[in-house]
Amino acid sequence: MSGAVQLSMFGEAESIDTLDARLWHGSFNARESSFHQLSPYVGKLKSGMVRVLIRLYSKPGDSILDPFSGSGVVPLEAVLAGREALANDLSPYAYTLTRGKLEAPGNEKQALEQARSVIEKVEEEASHEDVTHVPEWVREFFHPQTLPEIVAAFRILKKEEEFFLTACLLGILHHQRPGFLSYPASHLVPYLRRTKYPPEEYPGMYLYRDLRSRLLAKVQRAYRNPAFTDDWASREYRVWQTNAMKLPIEDGTIDTIISSPPYFGALDYARDNRLRLWFLGCDKWKALDASLTASQKVYLPQMATCLKEMDRVLKLGGYCVLVLGDVERDGKSRRTAEILGELAVEVSEGRFVVETIYNDLIPDERRSRRRTRTTKFERVLVMRKR
Ligand SMILES: C[S@@+](CC[C@H](N)C(=O)[O-])C[C@H]1O[C@@H](n2cnc3c(N)ncnc32)[C@H](O)[C@@H]1O
């Protein structure tokens, strides 16, 4: 990154005084907490950008709310930076992943002990696990001996309310690599890859895959670089799974809102996570997608209600920072940040003031390749409540 500003795993002392996309460009995989990589999520924010936003728009001890937390990038960065994290998402997958990251044990030894204890129960119970309710489209991803182990593991983890290990398990559910539980499949969105890896040519990829070694290896990968601070044990957070149109938060209590709301139904959060959702007990992904703020028809009225909620819960003087992408429709580009900025001013009766819309015009190649309906640029809408 010659000539650009390096963003290290910084402490509070490192001064950042302006929004500058050079601070978060490039790969963050080696520079971020490995908890960010527990399980993939479409539309995930870059942790480097979130770190900058947290430092610019809040101070240590502040409460930071993300009403659309997705995989939990904002809440995790918030607690790592000594802020209180408040997170919400309507999707059970997002809720589990966010809670999983925030509830991670304080060290690898403890996490491995918990994993071993769950695995022992799974191994005792898997041979008589009832899998008759598993639909064919789910079954076809797994070896018949692996499936009961997975079903038993999710059942036990749910009963024990073990969100961190559930998030780890979700992260190894499907992929083509040997460390994953499925037959060869894609990682982000679940598609079997039988054409690329025919069973006759790649029989080794269609054998039984034990849960024990894979889950333990996943937990170890998670602790490669958790980027803990001494504050981890005293971190403060709350997580909800509800509609952002009605948040269980008192008026005027939040210092800062940092979020990336959905934009004009550009991504299908439930459809893309249908296999993970099924194991979390959500077998109607279409119904979930319909209840998310997605389709063009409901987008603006629902976002108006969400922005009203953000105005209600935010303290006077607090920042509301929304990361949004433009959406291409019928050859036209919709500038979501400008549209939502105007809407926020309107629904808050002028309490929200748009301070800036920062255009990050450096394309994120990794992201643009797999997104079809969004453009490759991101905009940061910065508003303040006056
Ligand atoms: C752009 S994603 C957030 C990504 C997240 N910032 C991250 O880094 O992973 C938008 C999220 O909004 C959630 N969502 C959509 N409509 C919602 C609603 N009405 N209430 C709560 N969550 C909603 C989706 O489930 C999705 O996780």
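> It is not clear to me how the packing of helix H12 (residues 296–313) against helix H13 (residues 336–347) should be interpreted in this structure. Could you clarify?
Geometrically, a packed helix pair is captured by the angle between its two axes and the distance between the axes. Relative orientation of the contacting elements H12 and H13 amounts to 55 degrees, with a least axis distance of 9 Å. With respect to H13, the axis of H12 lies oblique. Between H12 and H13 lies a crossing of right-handed hand. Within the contact between the two elements, H12 uses Tyr299, Leu300, Met303, Ala304, Leu307 and Lys308 and H13 uses Thr336, Ile339, Leu340, Leu343, Ala344 and Val347. Broken down by class, the residue content of the contact of H12 with H13 amounts to 10 nonpolar, 1 polar and 1 charged.

> What am I meant to see in the site of the ligand here?
Around the ligand, a shell composed of 22 residues is seen, among which Tyr41, Leu45, Ser71, Asp89 and Ala244 lie nearest. One of the backbone nitrogen or oxygen atoms of Ala244 is found 2.9 Å away from a nitrogen atom of the ligand. Relative to its unbound accessible area of 600 Å², the ligand is 100% covered by the protein chains.

> How do you make sense of the domain arrangement of the chain when you look at a structure like this?
The figure often quoted for interface size is the accessible area lost as the parts come together. Assigned domains of the chain: these are domain 1 (21–94 + 226–385) and domain 2 (108–222). The distance between the C-alpha centroids of domain 1 and domain 2 comes to 29 Å. Across the contact, 20 residues belong to domain 1 and 27 residues belong to domain 2. Taking both partners together, domain 1 and domain 2 bury about 2,000 Å²; carbon and sulfur atoms supply 73% of that area. On the domain 1 side of the contact with domain 2, Leu38, Leu275 and Phe279 bury the most area, a combined 36% of that side's loss. Taken together, the links from domain 1 to domain 2 amount to 10 residue pairs in polar contact (both at pLDDT 80 or more). The set of elements that each furnish at least two residues to the side of domain 1 that touches domain 2 consists of helix H9 (269–272) and helix H10 (274–279). Ranked by the residues each element gives to the side of domain 1 that touches domain 2, the list is headed by H10, at 5 residues.

Rules and cut-offs
Residues numbered from 1 in each chain as written. Predicted model: local features only at pLDDT ≥ 70, side-chain atom pairs only at ≥ 80, totals over all residues. Heavy atoms only, no water. Axes fitted to C-alpha atoms, helices over the stretch in contact; angles between N-to-C directions. Helix = DSSP H or I, 4+ residues; strand = E, 2+ residues; numbered from the N terminus. Parallel < 35°, antiparallel > 145°, perpendicular 65-115°, else oblique. Left-handed = near helix turned anticlockwise from the far one by under 90°. Contact = heavy atoms within 4.5 Å. Nonpolar A, V, L, I, M, F, W, Y, C, P; charged D, E, K, R; others polar. Near = heavy atom within 4 Å. Polar contact = N/O pair within 3.5 Å; in protein donor to acceptor, adjacent residues only side chain to side chain. Areas by Shrake-Rupley, 256 points an atom, 1.4 Å probe, with all protein chains shown as cover. Domains from an automatic or database assignment. Buried area = accessible area lost by both parts, 1.4 Å probe.

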